[in-house]
Amino acid sequence: MKKSLFFIILLLIMPIVSAKSCNDCYVNSNGVEFTKSQYNAYIEIGFSQEDLDNMSQETYDSHGIIDKIDKKTEEKYFRETEVLVGKKYTIIEEISKYDYENEVPINEQMIISNTGISPFAAGTGDSKVHETTYKKLTGSVIKTSTTEPNKRMVISSLEWKKIPSTFSYDIYASRVSNGVIVLNSQAGSMKQEHYKFNEDCGFNGTTSSTTSYPSSLNTWNTQKSGLGYSGVGFTGKLDTRTAVCTYDYGVVTAPITGLSSTLSYSATTTNNSSKLTAYISYQHAQKSVNFNDVYKAYTFNSNGLGGVVYFSNSNLSSAYDGMAGLTISY
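Reference entry: report on the structure contained in this document. Nothing here was measured: the structure is a model prediction, and the numbers come from that model.

What counts and what doesn't
Residues numbered from 1 in each chain as written. Predicted model: local features only at pLDDT ≥ 70, side-chain atom pairs only at ≥ 80, totals over all residues. Heavy atoms only, no water. Helix = DSSP H or I, 4+ residues; strand = E, 2+ residues; numbered from the N terminus. Buried < 20%, exposed > 50% of the residue type's maximum accessible area, 1.4 Å probe, protein only. Core = buried A, V, L, I, M, F, W, Y, C linked by side-chain atoms within 4.5 Å. Salt bridge = Lys/Arg side-chain N within 4 Å of Asp/Glu carboxyl O. Phe/Tyr/Trp six-rings, centres within 6.5 Å; stacked < 30°, edge-to-face > 60°. Contact = heavy atoms within 4.5 Å. Pairing = 2+ DSSP bridges. Disulfide = S-S within 2.5 Å.

1. Some points on the overall build of the chain
For the chain, the helix and strand inventory stands at eight helices and 19 strands. Counting all 330 residues of the chain, 42% fall into the buried class.

So, in structure tokens, the structure goes:
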């Protein structure tokens, strides 16, 4: 009896140790555990803290251990001008980094030649004839393993320098050649930044909200190839929600200050000596579109928008801006 009582007391006073203890790690909102070195590796590759906090266990497992970072990066800059009078029309141009950073406006003659409307034409009154936004598309193909030379990770981001006038369902997609995308490794996100208020309804810095698109959501369109995918893409709506503040004289709405999106996945090359080629495209809806009409209505091929997104329906194709994409081989 005394021996049994001693054993029970010993169990009560023994420290309880978790089977999954970690003194130097990060556990995200989905319970995914990152060692410090793996967390830092993801950040170095280009993942944001929000991306890592929302990463699913399935996506994390599909990437495997990152023990090297050897990457090739490409980026392009674009000016997108929406003509707002007459027959509405979007003009999108690839521009230099200088023009992007300094927000150099479109040449007036280009608007005239495309639409027949002068930005300063008589009769337009005070109405705005056109609105210009600027975008940067960046992509990287990364070698992440010293022991598996055919492993790659692809990560891309799209950043708006100015906020577009149309908020509908955009498409972020990619296809590969000389390899396949690992099943269920894809993930995406859309982030919005806006001003936040102090107690007097004055602006006091900015805040952000991120919508994540894990591989399990039905927003994804995929195209199978062998044991993986040849293409993946998600459809997401640009977020118009923002903060409001009520005071004695009415209501103030916080302006949106930034929009950005990300797309990532793991891939394997055909053999250890092959280069993976990733084709990346972001397509902005020029007008309101229905999610169910577009999210699986396209296939992945070189004749598509941005070299990726192919609609057989011309009405759907014309709903998007046709921005050029990236091609990266590594």
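The structure having been displayed, the exposition proceeds.
2. What to know about the nonpolar core
Among soluble globular proteins, nonpolar side chains are generally buried collectively. L137, Y172, Y265 and Y282 are the most contacted members of the largest nonpolar core, which totals 29 residues. At five residues, strand β15 (residues 256–269) tops the list of elements feeding residues into this core. One finds I171, Y279, Y298 and Y320 within the second-largest nonpolar core, a separate group that totals 15 residues.

3. Thoughts on the pattern of salt bridges
This structure, assessed with the given rule, holds seven salt bridges. For K191, the salt bridge identified is with E50, shortest N-O distance 3.7 Å. Residue K191 is located in strand β9 (residues 187–197), and its partner E50 is located in helix α3 (residues 49–54); the two are separated by 141 residues in the primary sequence. Salt-bridge contacts for E103 lead to K162; the nearest nitrogen and oxygen are separated by 3.4 Å. Remark: K162 occurs in the loop between β6 (151–160) and β7 (169–177) and E103 occurs in the loop between α5 (97–101) and α6 (108–115); sequence separation between them is 59 residues. Judged by relative accessible area, which is 29%, E103 ranks as partly exposed. Judged by its relative accessible area of 35%, K162 falls in the partly exposed class. When salt bridges with common partners are traced through the structure, they connect E50, K191 and E193 into a single cluster.

4. Considering the packing of aromatic side chains
Aromatic rings in a pair are described by how distant their centres are and how their planes are angled relative to each other. Under the counting rule described, the total for this entry stands at 20 aromatic pairs. Where Y172 meets F234, the ring centres are 6.0 Å apart and the plane angle is 40°; that geometry is what we call tilted. Taken together, the residues span a long stretch of sequence, with Y172 in strand β7 and F234 in strand β12 (residues 228–237) at a distance of 62 residues. Centre to centre, the rings of Y213 and F234 are 4.8 Å apart; their planes meet at 25°, and the pair counts as stacked. Remark: F234 occurs in strand β12 and Y213 occurs in strand β10 (residues 203–214); sequence separation between them is 21 residues. The pair formed by Y213 and F234 is uniform in burial state, with each residue classed as buried. Chaining the aromatic ring pairs together yields one cluster made of Y26, F34, Y39, Y42, F47 and Y60.

5. Side note on the environment of S317
Tracing the backbone through its elements, the reader meets S317 in helix α8 (residues 314–317). By relative accessible area, which is 21% here, S317 ends up partly exposed. S317 sits 32 residues away from A285 along the chain, and the two C-alpha atoms are 9.5 Å apart. In contact with S317, not counting residues within four places along its chain, are L305 and F311.

6. Brief notes about the pairing of β9
Strand direction decides the pairing type here: β9 and β15, joined by eight bridges, are antiparallel. Of the residues in β15, the one forming a bridge with H194 is I256. For β9 and β10, the ladder comprises 10 bridges, and the chain directions are antiparallel. Across the sheet, residue S189 finds its bridge partner in β10, namely S212. Connecting β9 to the antiparallel partner β10 that follows it, the hairpin turn spans five residues, and C201 within it adopts a positive phi of roughly 70°.

7. What about the state of the cysteines?
Inspection of the entire model under this criterion finds one disulfide. Between C201 and C245 runs a disulfide, and the two sulfur atoms are separated by 2.0 Å. The sign of the -80° torsion about the S-S bond sets the C201-C245 disulfide as left-handed. A residue pair is termed long-range when its members are at least 10 positions apart, and C201 in the loop between β9 and β10 and C245 in strand β13 (residues 244–247) qualify at 44 residues. Accessibility classification places C201 together with C245 in one group, the buried group.

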